[in-house]
Amino acid sequence: MRMNRILKVIFFIGIVGLVPSLEAVVPRKWELRTKDDFLKGKLDGISVSYEGVLSLAPKEDKLDGPAEDFYLSFLVGQDGAAYLGTGHGGKIYRIGKDGKAELYFQVQEMDVTCLAMDDKGALFAGTSPNGKVYKITAKDQGEAFFNPEEKYIWDLAFSESGFLMAAVGEAGGIYKINLQGEGQRVLKAEENHILCLHKSGPADFLAGSGGVGVVYRLSAEGRTTVLFESSFEEIKSLALDADGNIYAACGGTPSRTKKEEAVDLPVRISTDVTVSASATAPSGAPAPAALASSGKEPSALFRVRPDGVAKKLWESEDELIYSLLWKEGEKRLLFGTGNKGRIYSIDRDEKVSLLTQGGSEQMYALEPADTKVYVLADNPSRLTVVSPEQRFSGEYVSDVLDARTVSSWGRMEFDGQLPAGATVQIQTRSGNSFEPNSMWSDWSPPIQKREEQILSPKARYLQFKVLFKTQSGNVSPWLQRVSVFYLQTNIAPLVQRLDLLPPNEVYLKPPDQEEVVWGAEESPAGREPSRKDDRSLYMAKKVERQGFRTVTWEATDENDDRLLYTISIRKEGENVWRVVKDGWRDSLFVFDTLSYPDGVYFVKLGASDLNSNPPGSELRSEKTSSPLVIDNSLPVVKSFTVSRQANSLDIAFQVEDSFTSIQDVEYLIRPGEWRVIFPADGVCDSRVESFKFRVILPPNAENLVTVRVTDRHHNIGVYRQTF
């Protein structure tokens, strides 16, 4: 495809003129450049390639389908007319070549879950609940053809010899039905349901089960083998390519953990299935997929090679595969998902691209018709035809950018290609609520000039949309990268916590370690190893050092600015704060209190974002600590008296501390140990305490008594006296 014009617009932010007086100096960038980035937005008529290139999607025409709750089955007949099975009214519609739908037949059951047609043009319909198979020969002319006394008929398929195969639940099995409507069970599975059938030969079939997701093969000779057992609840759809590779759409909560699952794993092949009449009946059967909850459900796509090796090609935690279609001419697989209404394609190189995204939640069925594909969608129910031709227009609306604070928008940067006759227009809008609403700004005029900056008002949130147009169905504009630059409004840092550790409690700084890139052969020349200023306190060893007080804090900044701290101190009763340290970077600071007189103090922490903003535009916040008591005076023992009588001592004394209360008092007479004593009033709770007690001396006691007094700040006073 010849491109006579290449659009590669690269805009840069001019910092001067974009920096109001109170805004952070460093601009930020929001960029979309991968497939997953673009899939977060909304796509209308837009495809996304594996490489993350946006282009116009294939043409999709909406048919005038009937107003029914759900579309559940679809079939293209031999005469070119199509048949649509619905729920919950149990109606079958015929859609002529002119696209007009007329009611063709109505069954007694609620849902028409599957359709099939024999070589004579007779239509067969499977229903649920209380499932039956109906044979319909003309408009309003039909009757029950086969009743397996099962609750669900999930799928129907004809063999070349004219037998009709019916997949049923909730006992889980397959019936082989002759032309007279007489059926024979050819598979009684251990699983609750057989959900899908796929013809793999003149009389050979593949089948997928529900309860445990298993792929079976039924041979013409009547032998059943297990080809693949997944770790998911269901095999929802099957496809087969010309090389014999089987594609299995798996869904439902996995019954095994991912640890047990290999990327390439051999599967059991040619294994006889045990048919057991005592198989456990399910406690409940699933509703048709379109009727299921719209909550998130895991899903995966597997390819099983003819040699029996299975490989996971795609998986999702929130998109469920409903249908598969192999396109032999294009050598690629299409699969429809919910609940985002997407159709993906995967090529022989295993590259997954988004083909199109519709207006309904579930892409429930994909049915081929020559070069076109009929798409059955639900919630709401829609019937469309996807053609090989390309659309002439489409629109992409991005996810919402959260700048975290009110921001000024810079300029946009994007890469793309514009062939002759193709255009791309980009518009933006902004607001201060996460969900765009009437309070947001209108869409801006299209960005057209080479250096035109974003015109949307300053706000916290931004969204852009891209309108693709072409005058030819053979070429499409491309868009493959979009970057938005923005400048956050500066917000003052916040000191969330300011704590005082107990007296004498400090941390030993962890040793510096050179930071080495793991796996690199050598450090780049001239590059010094970087070192962090902050080290986690969890890594530091906590010890006691007399006279030190540690202050720790936690501060945050909405702009992620680098913060500088100022530590100040003020004694109670004074009005002046004295700066102890300015320009501090760590999140803790230690005072040597031996240089301060005893007293009650307060510590003030100031946090500034000056490091990340021009001088004069920085912002600051402060926080003041709870009272910090500095007490380095030792408690003293006064009026000590000791009197010995035979083998006992009578001891009395008084303890005083100049600033804080007494915590505990002990005495020692060797060879004994330290003994705790209580004051005369029973509790150590004041700066002055009196003690009086008697001690029984052992025969070998020395004639020295030692008293040790500790105050609330761990200052220790000692007194000794002989007797």
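Residues numbered from 1 in each chain as written. Predicted model: local features only at pLDDT ≥ 70, side-chain atom pairs only at ≥ 80, totals over all residues. Heavy atoms only, no water.

Q: Explanation requested: the overall build of the protein chain in the structure shown.
A: Helix and strand counts for the protein chain come out as one helix and 57 strands. Look at the contacts in the protein chain between residues 6 or more apart in sequence, and 60% of them connect residues 24 or more apart. Here the protein chain has roughly 35600 Å² of accessible surface; of this, 48% comes from carbon and sulfur atoms. (Helix = DSSP H or I, 4+ residues; strand = E, 2+ residues; numbered from the N terminus. Contact = heavy atoms within 4.5 Å. Areas by Shrake-Rupley, 256 points an atom, 1.4 Å probe, with all protein chains shown as cover.)

Q: What am I meant to see in the pairing of strand β20 (residues 205–210) here?
A: Sheet faces and side chains relate simply in a regular strand, where the side chains alternate between the two faces. Most of β20 sits out of view: six of its six residues are buried. Side-chain alternation along β20 places Phe205, Ala207 and Ser209 on one buried face and Leu206, Gly208 and Gly210 on a second face that is also buried. The antiparallel hairpin formed by strand β19 (residues 193–199) and β20 contains five residues in its connecting segment. As paired strands, β20 and strand β21 (residues 214–218) are joined by four bridges and run antiparallel to one another. For leucine 206, the partnering residue across the bridge sits in β21 and is arginine 217. The hairpin turn running from β20 into β21, its antiparallel successor, is three residues long, and glycine 211 in that turn takes a positive phi close to 115°. (Buried < 20%, exposed > 50% of the residue type's maximum accessible area, 1.4 Å probe, protein only. Pairing = 2+ DSSP bridges.)

Q: Teacher, can you tell me more about the pairing of strand β27 (residues 299–304) here?
A: Within β27, six of the six residues are buried, which leaves the element mostly enclosed by the surrounding structure. The pairing of strand β24 (residues 246–251) with β27 spans six bridges and is classified as antiparallel. Opposite alanine 248, over in β27, you have phenylalanine 302 as the bridge partner.

Q: Can you walk me through the sheet that holds strand β7 (residues 70–76) in this structure?
A: One key point about sheets: their strands pair by backbone hydrogen bonds, in either a parallel or an antiparallel sense. With antiparallel pairing, the four strands of this open sheet are ordered in space as β7-β8-β9-β10. Each edge of the open sheet is held by one strand with a lone partner, namely β7 and β10 (101–106). Within this sheet the neighbouring strands show an average axis-to-axis angle of 30°, counted without direction. Here five bridges tie strand β9 (residues 91–95) to β10, and the two strands are oriented antiparallel to one another. Bridge pairing links isoleucine 92 to phenylalanine 105 in β10. (Axes fitted to C-alpha atoms, helices over the stretch in contact; angles between N-to-C directions.)

Q: How should I be thinking about the sheet that holds strand β54 (residues 675–677) in this particular structure?
A: Read from one edge to the other, the open sheet built from four strands follows the order β54-β53-β56-β57, with strand pairing classed as antiparallel. Looking along the sheet, the strands with just one partner apiece sit at the ends: β54 and β57 (716–722). Across the sheet, the mean angle from the axis of one strand to that of its neighbour is 25°, orientation sign disregarded. Direction of pairing for strand β53 (residues 662–668) relative to strand β56 (residues 704–711): antiparallel, over a ladder of six bridges. Among the inter-strand pairings, valine 665 is bridged to a residue of β56, identified as valine 709.

Q: Hey, could you run me through the pattern of salt bridges in this one?
A: Think of it this way: side chains of opposite charge can pair up when their charged atoms draw near. What the rule picks out here adds up to 37 salt bridges. Across the pair glutamate 328 and lysine 331 runs a salt bridge whose closest N-O atoms are separated by 2.1 Å. Given the relative accessible area of 35%, lysine 331 is considered partly exposed. Salt-bridge contacts for glutamate 666 lead to arginine 708; the nearest nitrogen and oxygen are separated by 2.9 Å. In this pair, glutamate 666 is assigned in strand β53 and arginine 708 in strand β56, connecting sequence segments 42 residues apart. Relative accessible area serves as the criterion here: at 24%, arginine 708 is assigned to the partly exposed category. Put simply, Lys29, Glu31, Arg33, Glu413, Asp415 and Arg481 are held in one network by salt bridges that share partners. (Salt bridge = Lys/Arg side-chain N within 4 Å of Asp/Glu carboxyl O.)

Q: Looking at this model, I keep getting lost on the state of the cysteines. Mind explaining?
A: By definition, a disulfide is the covalent link that joins the sulfur atoms of two cysteine residues. Following the criterion strictly, the structure yields zero disulfides and no others. Not part of a disulfide, cysteine 196 finds its nearest cysteine sulfur in cysteine 250, a span of 9.6 Å. With relative accessibility at 0%, the residue cysteine 250 sits in the buried group. (Disulfide = S-S within 2.5 Å.)

Q: Sorry, what's going on with the nonpolar core here?
A: Side chains of nonpolar character tend, in soluble globular proteins, to be buried together. Within the largest apolar cluster, 45 residues are counted, with the highest numbers of intra-cluster contacts made by Leu301 and Tyr396. In contact with tyrosine 396, not counting residues within four places along its chain, are Leu32, Asp37, Phe38, Gly41, Lys42, Leu43, Ile46, Leu54, Phe464, Lys465, Val466 and Phe468. Phe640, Tyr667, Val705 and Val709 belong to the second largest nonpolar core, which has 19 residues in total. (Core = buried A, V, L, I, M, F, W, Y, C linked by side-chain atoms within 4.5 Å.)

Q: In this structure, what is going on with the environment of arginine 720? I would like to understand it.
A: With respect to the secondary-structure elements, arginine 720 resides in strand β57. C-alpha of arginine 720 to C-alpha of leucine 704: the two residues are 16 residues apart in sequence and 7.0 Å apart in space. Excluding residues within four positions of it along the chain, arginine 720 makes contact with Leu704, Val705 and Thr706.

Q: I would appreciate a short explanation of unusual backbone geometry in the present structure.
A: Leaving glycine aside, a negative phi is the common case for residues, and trans is the common case for peptide bonds. A cis geometry characterises the amide bond from glycine 87 onward to histidine 88, with omega recorded as 10°. With respect to the helices, strands and loops of the structure, histidine 88 is situated in the loop between β8 (82–87) and β9. Here glycine 338 and asparagine 339 are connected by a cis peptide whose omega angle stands at 15°. Topologically, asparagine 339 is positioned in the loop between β30 (332–338) and β31 (342–347). Of note, the phi angle at asparagine 504 is positive, near 70°, even though the residue is not glycine. You can call asparagine 504 buried: its relative accessible area is 5%.

Q: For this particular structure, what's the right way to read the packing of aromatic side chains?
A: Pairs of aromatic rings are described using the distance from one ring centre to the other and the angle between the two planes. One pass over the full model with this rule turns up 28 aromatic pairs. Here the aromatic rings of tyrosine 152 and tryptophan 154 are separated by 4.8 Å at their centres, their planes lie at 5°, and the arrangement is stacked. Taking relative accessible area as the criterion, tyrosine 152 reaches 8% and is therefore assigned buried. Under the relative-accessibility criterion, tryptophan 154 is labelled buried at 11%. Positioned above the aromatic ring of phenylalanine 163, the side-chain terminus of lysine 176 is 4.4 Å from the ring centre. The side chain of arginine 708 reaches across the aromatic face of tryptophan 674, ending 4.1 Å from its centre. (Phe/Tyr/Trp six-rings, centres within 6.5 Å; stacked < 30°, edge-to-face > 60°. Lys NZ or Arg CZ within 6 Å of the ring centre and 35° of its normal.)

Q: Whenever I open this one, the confidence of the model for the protein chain confuses me. Can you help?
A: Close inspection of predicted coordinates is inappropriate in any region flagged by low pLDDT. When pLDDT is averaged along the protein chain, the result is 87, and 87% of the positions lie at 70 or above. In this model residues 256–287 is a low-confidence stretch, pLDDT under 50, and it forms 67 contacts with partners more than four residues away in sequence or in other chains. (pLDDT = per-residue confidence, 0-100.)

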